[in-house]
Amino acid sequence: MKKALVLAALLGLALAQQAKPEDVIKEQCAKAKVVAELWHGFTGGAPKLALENLVVEFNKAQQGRCVRPVPQGGYRDLSTKIKAAFAAGKVPAMAQAYENNIALYLEAKALLPIESLGVRLQGVNLAFLNAVRFGGVVYGVPFNKSIQVLYYNKDLLKKHGAKVPTTLEELVALSKRLSQAEGGPVFWFQPDASTFAYFFFNLGGSYLKNGKLVLNSKEAVEALTLLQNGVKEGWAKAITSGYINQNLGSGPYAFSVDTSAGYTYYRQGAKFDLGVATLPGSKGQVGFGLVQGTNLVVFRQASKEEQAVAKDFLQFVLSPRAQAVFATATGYVPVTEAALKDPVYQAYVAENPDYATIVRQSRYAKFEPALAEWEQIRFDILGQAIKEAILNKVDPKAALDKAQKLAEDLLSGKTR
Ligand code: FGO
């Protein structure tokens, strides 16, 4: 119990709020005539709680209507369930969706244009907004958008008189030095498409060349070789079970490149003074980070009444206060300019500069391709190639050439 209370305080929850938000929502929706479901991919922790707290606030101001968040597992489980729901003809009013999920759902003409609902999108971060624009029409409301940042161990850097690296070369050189001194690899990464993207983008890579998907470019081979060498040379450690933040404490740790949405998890997991910095890039230039996290979409099949609830909820979610509370509770990037000026946000930033670092990093953002097939490609093809190179020592070029072939077969409809 005591531990739970401490945790609640850490997450910035009002301790006066006795009931779990989940239970409050249950009660709110039990009495409602119109229930708009929101299917999501948050499995727990601060993100799920922060979403539920927003919903409780929204529902309080409704009469006879409510939003009901429905957890569907992780992000990939969520899109699998939505595809099944299309087939069964039973979709929710709203759901979280990656840009590539939107592209896929649009093939089934399943989504409503956000502005046709009447949601005003003024002041929404343009990079996020452009990412959900298809054929000039916006199909999602950027909601929980994250950016990669550099997490680091302040105590370890201090011990070795080291400064936070600002270039890729410095990151590698310092990781080598600290790993030698500590007797173990200090740069930790998950052998997946997310961490790979950081190295790939900052070595000048791009996935689309003249509209064609290229997974085996020379920059991709270079990025994968760098990580493979890192493991070989003993400065990089591949984390193969769970999130990096769940492995903290299992050996010397100095750096990882990870989602800003991991912020509360890192804070909890770190037994050292945790640092958050903008990503190492090239001389005088902050490195690019991968944007992850999702947008909220509204389904065409929802009833007119549900659509009306969705419209009001999306406008509420975009309000400066909602954004300020959600971003500071989680580490997600505030999605509007006005949120940055909100007194709640300003108070948090004054106390904790990490929030400002996250926003600064968000100006150096890259996205993965918004292809309908991308989810399958990033996990089952590219992600698989990365694992083979890192864990099974397969030659990076061979692994990526194979991935390229598999992706081309998938995109040309030969496999599915
Ligand atoms: C996750 C996944 C995609 C796609 C990227 C896509 C599908 C990546 C990456 C694969 O909201 P983000 O930034 O962060 C997540 C948030 C909510 O769960 O908290 C993070 N978390 C959770 C628990 C924990 O202990 N530590 C922690 O950091 C969690 O990662 O999304 C980043 C991780 C992945 O899920 O393994 O986005 N991703 N592009 N997923 N389905 N499709 O196109």
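Refer to the structure above for everything that follows.
Residues numbered from 1 in each chain as written. Predicted model: local features only at pLDDT ≥ 70, side-chain atom pairs only at ≥ 80, totals over all residues. Heavy atoms only, no water.

This part is about the packing of helix H16 (residues 343-351) against helix H17 (residues 354-361). Close contact between H16 and H17 brings their axes to 6 Å; oriented N to C, the two are set at 110°. Taken together, the axes of H16 and H17 lie roughly perpendicular to each other. In this structure, H16 uses Tyr345, Tyr348 and Val349 to contact H17, whose residues at the interface are Tyr355, Ala356 and Val359. For the contact of H16 with H17, the per-class residue count stands at 6 nonpolar, no polar and no charged. (Axes fitted to C-alpha atoms, helices over the stretch in contact; angles between N-to-C directions. Helix = DSSP H or I, 4+ residues; strand = E, 2+ residues; numbered from the N terminus. Parallel < 35°, antiparallel > 145°, perpendicular 65-115°, else oblique. Contact = heavy atoms within 4.5 Å. Nonpolar A, V, L, I, M, F, W, Y, C, P; charged D, E, K, R; others polar.)

If a probe as big as a water molecule is rolled over the atoms, it shows which places are left empty. Of the pockets and cavities examined, the largest pocket occupies roughly 1,300 Å³. As for the largest pocket, its lining consists of 48 residues, of which Tyr75, Asp192, Ser194, Tyr243 and Gln292 are closest to the centre. Within the residue set of the lining of the largest pocket, elements represented by two or more residues are helix H4 (75-88), helix H5 (99-107), strand E6 (141-153), helix H9 (193-202), helix H11 (244-247), strand E11 (255-259), strand E13 (289-298) and helix H18 (374-391). With 8 residues, H18 is the single largest residue contributor to the lining of the largest pocket. (1 Å grid on protein atoms, 1.4 Å probe; cavity = no way out; pocket = protein on both sides within 12 Å on 5 of 7 lines; lining within 4 Å. Points joined across faces, edges and corners; volume = space filled by probe spheres on them.)

Looking now at the site of the ligand. Neighbouring the ligand are 20 residues; Tyr75, Tyr98, Ser146, Thr259 and Tyr332 lie closest to it. Within the side chain of Arg378, a nitrogen or oxygen atom sits 3.2 Å from a nitrogen atom of the ligand. According to the grid-proximity analysis, the pocket containing the ligand is the largest pocket. Secondary structure elements with two or more residues in the shell around the ligand: H4, E13 and H18. In terms of residue count, the dominant contributor to the shell around the ligand is H18 (3 residues). Grouping the constituent residues of the shell around the ligand by class yields 8 nonpolar, 8 polar and 4 charged. (Near = heavy atom within 4 Å. Polar contact = N/O pair within 3.5 Å; in protein donor to acceptor, adjacent residues only side chain to side chain. Sits in = over half its atoms within 2 Å of the grid points.)

Let's shift gears to empty space enclosed by the protein. Following the criterion strictly, the structure yields 1 cavity of 30 Å³ or more and no others. A volume near 70 Å³ is recorded for the largest cavity. What lines the largest cavity is Gly123, Val124, Asn125, Val333, Pro334, Val335, Thr336, Glu337, Leu340, Val359, Ser362 and Arg363. Broken down by class, the residue content of the lining of the largest cavity amounts to 6 nonpolar, 4 polar and 2 charged.

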